[in-house]
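# Secondary and tertiary structure notes
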There are 2 protein chains.
Amino acid sequence: MKTVPERLSALREAMAQAGCDAYIMPSSDPHSSEYAPAHYTAWEYFSGFSCENSNLIVTADEAAMWVDGRFFGAADTALAGTGIASMHMGVEGVPTVSEWLGERLTSGKVLGYCAETMPLKQMRQLADVCEKQEAKLADLPLVDQVWVEDRPALPATDAWILDASYAGKTPAEKLALLRGKLLKKECTAILVTKLDSLAWLLNLRAADVEDTPYALAFCYVDFDTAVLFMDTSRLSADAAEQLAQSGVKTAGYNEMPAYLAEATNEQTVLIDPSSLNAALYNALCDNDYYSIVEDADPISMMKAIKNETELTCTRRAHLIDGAAMVRFQMELEQRLASGEVLRETDVDTILHKYRSSASKFITESFPTIAAWGSNAAMMHYAPKVGSDAEIQRKGYLLVDSGATYYDGTTDITRTYAVGPLTEEEKLDYTRVLRCHIDVAMAVWREGATGGELDMIARQPLWRHMLDYRCGTGHGVAHVGAVHEGPQSLRPHNEIVFVPGMVITDEPGIYEEGRVGIRIENELVCMEAGKSEYGRFLRFEPLTFVPIDVSCVLPEELTREEKDWLNDYHAQVLENLTPLLNEKEIEWLRVKCAAI
Amino acid sequence: MKTVPERLSALREAMAQAGCDAYIMPSSDPHSSEYAPAHYTAWEYFSGFSCENSNLIVTADEAAMWVDGRFFGAADTALAGTGIASMHMGVEGVPTVSEWLGERLTSGKVLGYCAETMPLKQMRQLADVCEKQEAKLADLPLVDQVWVEDRPALPATDAWILDASYAGKTPAEKLALLRGKLLKKECTAILVTKLDSLAWLLNLRAADVEDTPYALAFCYVDFDTAVLFMDTSRLSADAAEQLAQSGVKTAGYNEMPAYLAEATNEQTVLIDPSSLNAALYNALCDNDYYSIVEDADPISMMKAIKNETELTCTRRAHLIDGAAMVRFQMELEQRLASGEVLRETDVDTILHKYRSSASKFITESFPTIAAWGSNAAMMHYAPKVGSDAEIQRKGYLLVDSGATYYDGTTDITRTYAVGPLTEEEKLDYTRVLRCHIDVAMAVWREGATGGELDMIARQPLWRHMLDYRCGTGHGVAHVGAVHEGPQSLRPHNEIVFVPGMVITDEPGIYEEGRVGIRIENELVCMEAGKSEYGRFLRFEPLTFVPIDVSCVLPEELTREEKDWLNDYHAQVLENLTPLLNEKEIEWLRVKCAAI
């Protein structure tokens, strides 16, 4: 195993041989995945630091890595001594990737990148910088040259088809819907390259990405043909048959560029420049039979609006998950009360025991965040065995976790009082709860965007000049990634909410060195009704797990908020009772008592 | 005085002679004013119906007038029997102007318009329709030909300069600021054609538009020159001197096109296509020395953000106005209690008596809306002597009024209980009050838009599937128009609020045939403070007049809302006391008692 300086030195040698003055590695894979398979994590290999939403740039005598707010502290620590500067994105005075390159690239210099893992949109930004500086942008496979011996293989997990009894529609039905969308956009073909879009389109699942049940593959769809590009030996016999019945042909994972080069039918191909990789774009451009239309991936919205079957299954998944959460909390309370020493990583062990005992359990949906005390102030804290904190008998324990079942994917956060609380801690908790409830009970006239709804969430904190440095909530895929768009509760998000969209409601307070509190349910957008003023929408909870009311200052809640909380707990008790034994029901009854 | 059919027939004759198949008259003047001087109201002359935000189109055998939601009922009544169809804008199935024209214009047909009163943006839309239909768009001065004998003259009221002790800056200082903005936009000149922009730029005031203290004029500004185009005989000696000292030259109102034609210096001219009229645009295009840059009028934002002097004066104006409102309410209560028969139009008489007695009174800022009972459900109801309702001793009286003083312009609505109320009426009032308060006490992290803040206002109504079919609030000019942009509280408004912006907060309930309630204060955006999360903003009331708490169901308010209301009334009492006599103070003390 080489050290980071050794790896960088090998890369610089390859750069010198290729006449490359700067080399950029975005945190991406050929599918613009948020979380990439280890095979593609070059930015991590060459920096020694793991994160998403990043860029690593190396020149002959400099290196810099851009990280977002979630990773500032961790990056500073990890990169110290590597010669790689930790660049805090969005902070005043810190240059952007384009600005940094603009200062270093001069006439005739060469900026290298790998087209296969470079989203088209980013490549165009780089091309702009190079054009201004009269520098050259070159597709150079330096990562493949340098990172060979200790590079993880491409994932090749078993691939299967999610039955239509869970997905609501067969691949054939979804292909027909997609072709209808193409027709409306006056296109005749589409490249489906995002793993989540592909998973939805063909009901295809695997385990290629950690905690996310997707398969590494591409798909080409026109009005006559659908071709799935993946290692077909991974497909179960049943899956292969279902795909064949849906008219889906197959080819190797790497064969899409050749397929595009050989095509001799005129097609107007829809592509999404924010996710299509530059190599596939080049392949399209090289074939004169293709006209290209750029637009948002239409599957993104199709999959965000869940169908009735998906919603029914999702509700079932949340009840199974809720029962596991109840059992987890009972065991946690009992073991803490017995005086046992528990550490943060024990939380995941207990949770996994209960969740994985469900017959439909597939995987955790992300690494469990269990953070005691001020650790919870780090929004994306991940406890590690050996360095995790002991859960002491005071303050809060924050637990953010979830799982994917055949019925659906869950994401839930609860913050538990594990000992005495200060008045300030109770006030923090109550304010976060108010934010949560105000979103959960919002009603709006059809047409409101995520950005507009986000305002409602923050009022109880903003009135005291408090805030959280992230969105209020994100979409969740069905039996898929725990993050999905295009909807989100986030300032200035312009997607209009429509019935069937799932969103998390997870406001928080994160005060460094002091406290971290988050309360998260998943909600689904539903019709509230119609009046002379139009059609009104609201959210309905999908998550049914008690919220720790021992931390609440009831006099700080409005009557409507209190009514919501009591009504929610009545639903929790009613919905979970059929899944629990008598002792568990007795425990739950106490937790769900009205305040 | 001709009848509407006679007028239409004269127009059709002129159209036939000119070879014109359809003639369009937008509700505009050469300055794209919201309220146009009577000289320009051709759409009203030819239809017999007065309204804003309209278009009248006449063909050889058809005529149609487009009206917005405020005017549906009134337009239906007024247009019945005229042969002019009442077109309800925004209603499903009702064609837009473009759609209606598209169905009627065929190849070779001619659509006529008057370039002088046609905003460039609308002209382009018409040009698009004509191009699609292979029809012709022709600038034809048919209104000037047909509407001669009974046409009001151009207004020519005395024009004066608002002293810098009120305006905060001299015309010279404002010209310097404007030139700075031009420089940033890489422009060297601007056409200032909107009356409100011009009034702000040169501190110029007159009374050319009813209830709005503006002068009909244009201004050309480049880095060396500023030329005011208006009838200079109207300028007071003092005004003429101040303008001369500020380097402003003058020319006749109609001389701008000739001035633009004769220019021989290269200029990059900033224009706003949403307000520049097509005739001036054509004049610019005809002179090769001009390059044109299209963007929003920069003065719009400059004037919307009030300076310290404007704010100090505005606060003073609202106290003067508040004292008048107190005296009005006292007299109203007394006369109603005495058994006197009062009608809706009496309200304006009483209000005018008190407001106009202030030494700095200039004019009412709009025609007083006084609406009893279900009349108040018509959002823009204007009572007329002879047809106005008697104020009976039950339900609500809604009074929306305001004035312009040398210190500033006001706009206030109060809804008074004038007799017994039903529980439903009290609940309506309380819900509207909650909407009002929730905006008034909102705090937000810098960056929120009017559309995002509008969400907060509507929650107390939307939760019950109620709503109001208008924005929550609009800007108000300083010593000027009662409506100003670009900020507004309205779904999807994208203007970011900044300190110094003034906005009305006027949610309402309007249930046809039953009830109309509106509670309106003016607010100013201020900094709330800074924290580790950034800079926070909030609103502060400018209006200080008691809100009728006898209509409130206190148990429906949250504790925070009740605190806000009691605190507001304490401020009303404290702020108005110095302006009132002992008897008035005693009365006010009762009205401002905490609930």
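What counts, and at which threshold
Residues numbered from 1 in each chain as written. Chains lettered and ligands numbered in written order. Predicted model: local features only at pLDDT ≥ 70, side-chain atom pairs only at ≥ 80, totals over all residues. Heavy atoms only, no water. Helix = DSSP H or I, 4+ residues; strand = E, 2+ residues; numbered from the N terminus. Rg over C-alpha atoms; globule rule 2.2 N^0.38 Å. Buried < 20%, exposed > 50% of the residue type's maximum accessible area, 1.4 Å probe, protein only. Contact = heavy atoms within 4.5 Å. Areas by Shrake-Rupley, 256 points an atom, 1.4 Å probe, with all protein chains shown as cover. Lys, Arg positive; Asp, Glu negative; His and termini not counted. Charge placed at Lys NZ, Arg CZ, Asp CG, Glu CD. Buried area = accessible area lost by both parts, 1.4 Å probe. Salt bridge = Lys/Arg side-chain N within 4 Å of Asp/Glu carboxyl O. Nonpolar A, V, L, I, M, F, W, Y, C, P; charged D, E, K, R; others polar. Core = buried A, V, L, I, M, F, W, Y, C linked by side-chain atoms within 4.5 Å. Least-squares fit on C-alpha atoms with pLDDT ≥ 70 in both. Disulfide = S-S within 2.5 Å. Axes fitted to C-alpha atoms, helices over the stretch in contact; angles between N-to-C directions. Pairing = 2+ DSSP bridges. Right-handed = clockwise from strand over helix to strand, strands pointing away. pLDDT = per-residue confidence, 0-100. Expected span 1.5 Å × (residues − 1). Arc of directions from axis to C-beta.

### Looking at the overall build of chain A
- The secondary structure content of chain A amounts to 19 helices and 28 strands.
- Relative to the compact-globule value of 25 Å for 595 residues, chain A shows a C-alpha radius of gyration of 25 Å, a close match.
- Here chain A, with 595 residues, has 58% of them falling under the buried criterion.
- Look at the contacts in chain A between residues 6 or more apart in sequence, and 70% of them connect residues 24 or more apart.
- When the accessible area of chain A is evaluated, it comes to approximately 23100 Å², of which 50% is carbon and sulfur surface.
- Here chain A carries 53 positive and 90 negative side-chain charges, and the mean point of each set is 4 Å from the other.

### With respect to the interface of chain B and chain A
- Facing the 39 residues of chain B at the interface are 39 residues of chain A.
- Taken together, the two surfaces of chain B and chain A that pack against each other cover about 3400 Å², and 51% of this comes from carbon and sulfur.
- Its largest share of buried area at the contact with chain A, chain B owes to B:Glu452, B:Met465 and B:Tyr533, together 21% of the area lost on that side.
- Our count for the contact surface shared by chain B and chain A stands at ten salt bridges.
- A:Glu556 is paired through a salt bridge with B:Arg559; the nearest N and O atoms lie 3.7 Å apart.
- Tallying contributions element by element places helix α17 (residues 450-462) of chain B first for the side of chain B that touches chain A, with seven residues.
- Looking at the side of chain B that touches chain A residue by residue, the class counts come to 17 nonpolar, eight polar and 14 charged.

### A few points about the nonpolar core
- Judged by nonpolar contacts, the single largest core of 114 residues is most densely connected at A:Trp444 and B:Trp444.
- Apart from residues lying up to four places away in sequence, A:Trp444 is in contact with A:Leu453, A:Phe497, A:Cys525, A:Arg535, A:Phe536, A:Leu537, A:Arg538, A:Phe539, B:Met455 and B:Trp462.
- In this structure, B:Val110, B:Ala135, B:Tyr214 and B:Tyr220 belong to the second largest nonpolar core, which totals 80 residues.

### Things to note about unusual backbone geometry
- The amide bond that connects A:Gly485 to the next residue, A:Pro486, takes the cis arrangement and shows omega of 5°.
- Its location among the elements puts A:Pro486 in strand β23 (residues 484-489).
- With a phi angle near 55°, B:Asn203 is a residue other than glycine that sits in the positive phi range.
- With respect to the helices and strands, B:Asn203 occurs in the loop between α9 (195-202) and β9 (204-205).
- For B:Asn203, a relative accessible area of 1% puts it in the buried group.
- With a phi angle near 65°, B:Asp211 is a residue other than glycine that sits in the positive phi range.
- Mapping B:Asp211 onto the fold places it in the loop between β9 and β10 (218-222).

### Here we look at the relation of the copies chain B and chain A
- Of the transformation superimposing chain B on chain A, the axial component is 0.1 Å and the angular component is 180°, with the fit at an RMSD of 0.1 Å. The operation mapping one copy onto its partner corresponds to a two-fold rotation axis. Considering only C-alpha atoms, the residue of chain B closest to the rotation axis is B:Glu452, which sits at 2.1 Å.

### Regarding the state of the cysteines
- Enumeration over the complete set of coordinates arrives at zero disulfides over all chains.
- With no disulfide partner, A:Cys313 has as its closest neighbouring cysteine sulfur the one in A:Cys525, 20 Å distant.
- Unpaired in terms of disulfides, B:Cys130 finds its nearest cysteine sulfur in B:Cys20, a separation of 10 Å.
- Judged by its relative accessible area of 2%, B:Cys130 falls in the buried class.

### As for the packing of helix α8 (residues 171-184) of chain A against helix α9 (residues 195-202) of chain A
All names here are of chain A.
- Closest axis-to-axis distance for the α8/α9 pair is 7 Å, and the angle between their directions is 120°. Residues Pro171, Lys174, Leu175 and Leu178 of α8 form the contact with α9, whose own contacting residues are Trp200, Leu201 and Leu202.
- The residue makeup of the contact of α8 with α9, split by class, is six nonpolar, no polar and one charged.

### Quick word on the pairing of strand β4 (residues 85-88) of chain A
Residues and elements named next belong to chain A.
- Bridging between strand β3 (residues 63-67) and β4 involves four bridges; their strand directions are parallel. Bridged to Trp66 within β4 is Met87.
- This β-α-β element, β3 to helix α3 (residues 72-79) to β4, shows right-handed connectivity.

### Focus on the sheet that holds strand β17 (residues 396-401) of chain B
All names here are of chain B.
- Pairing within the open sheet is antiparallel, and its three strands lie in the order β16-β17-β20. Single-partner strands in this sheet number two, and they are β16 (369-372) and β20 (412-417). Taken over all neighbouring pairs, the strand axes of this sheet differ in orientation by 10° on average, direction set aside.
- Two strands pair when backbone bridges link them, and β16 and β17 are joined in this way by four bridges, in the antiparallel orientation. Note on β17: the bridge partner recorded for Trp372 is Leu397.
- Contacts from helix α14 (residues 308-337) reach β17 and β20, with the element oriented near 20° to β20.
- Against the sheet, helix α15 (residues 344-356) contacts β16, β17 and β20, and its axis sits at roughly 45° relative to β17.

### Here we look at the confidence of the model for chain A
- A residue-level look at chain A finds 100% of positions with pLDDT of 70 or above and a mean pLDDT of 96.
- Two numbers describe this predicted complex: its pTM, 0.92, and its ipTM, 0.90.

### Description of the sheet that holds strand β20 (residues 412-417) of chain A
All names here are of chain A.
- The three strands lie next to each other as β16-β17-β20, forming an open sheet whose pairing is antiparallel. With partners counted over all chains shown, the strands left at the sheet margins are β16 (369-372) and β20, one partner each. Taken over all neighbouring pairs, the strand axes of this sheet differ in orientation by 10° on average, direction set aside.
- Here strand β17 (residues 396-401) pairs with β20 via six bridges, running antiparallel. Paired with Ser401 across the bridge in β20 is Ile412.
- Contacts from helix α15 (residues 344-356) reach β16, β17 and β20 within the one sheet, and its direction differs from that of β17 by about 45°.

### Observations concerning α8(A)
All names here are of chain A.
- With 14 residues, α8 should reach 20 Å at 1.5 Å per residue; the first-to-last C-alpha distance of 20 Å fits that figure.
- For α8, every residue scored as buried is listed here: Pro171, Lys174, Leu175, Leu178, Arg179 and Leu182. Along the axis of α8, the buried positions cluster into a sector of 140°, meaning they face one direction only. Of the residues in α8, the exposed ones pointing more than 90 degrees away from the buried face are Leu183 and Lys184.

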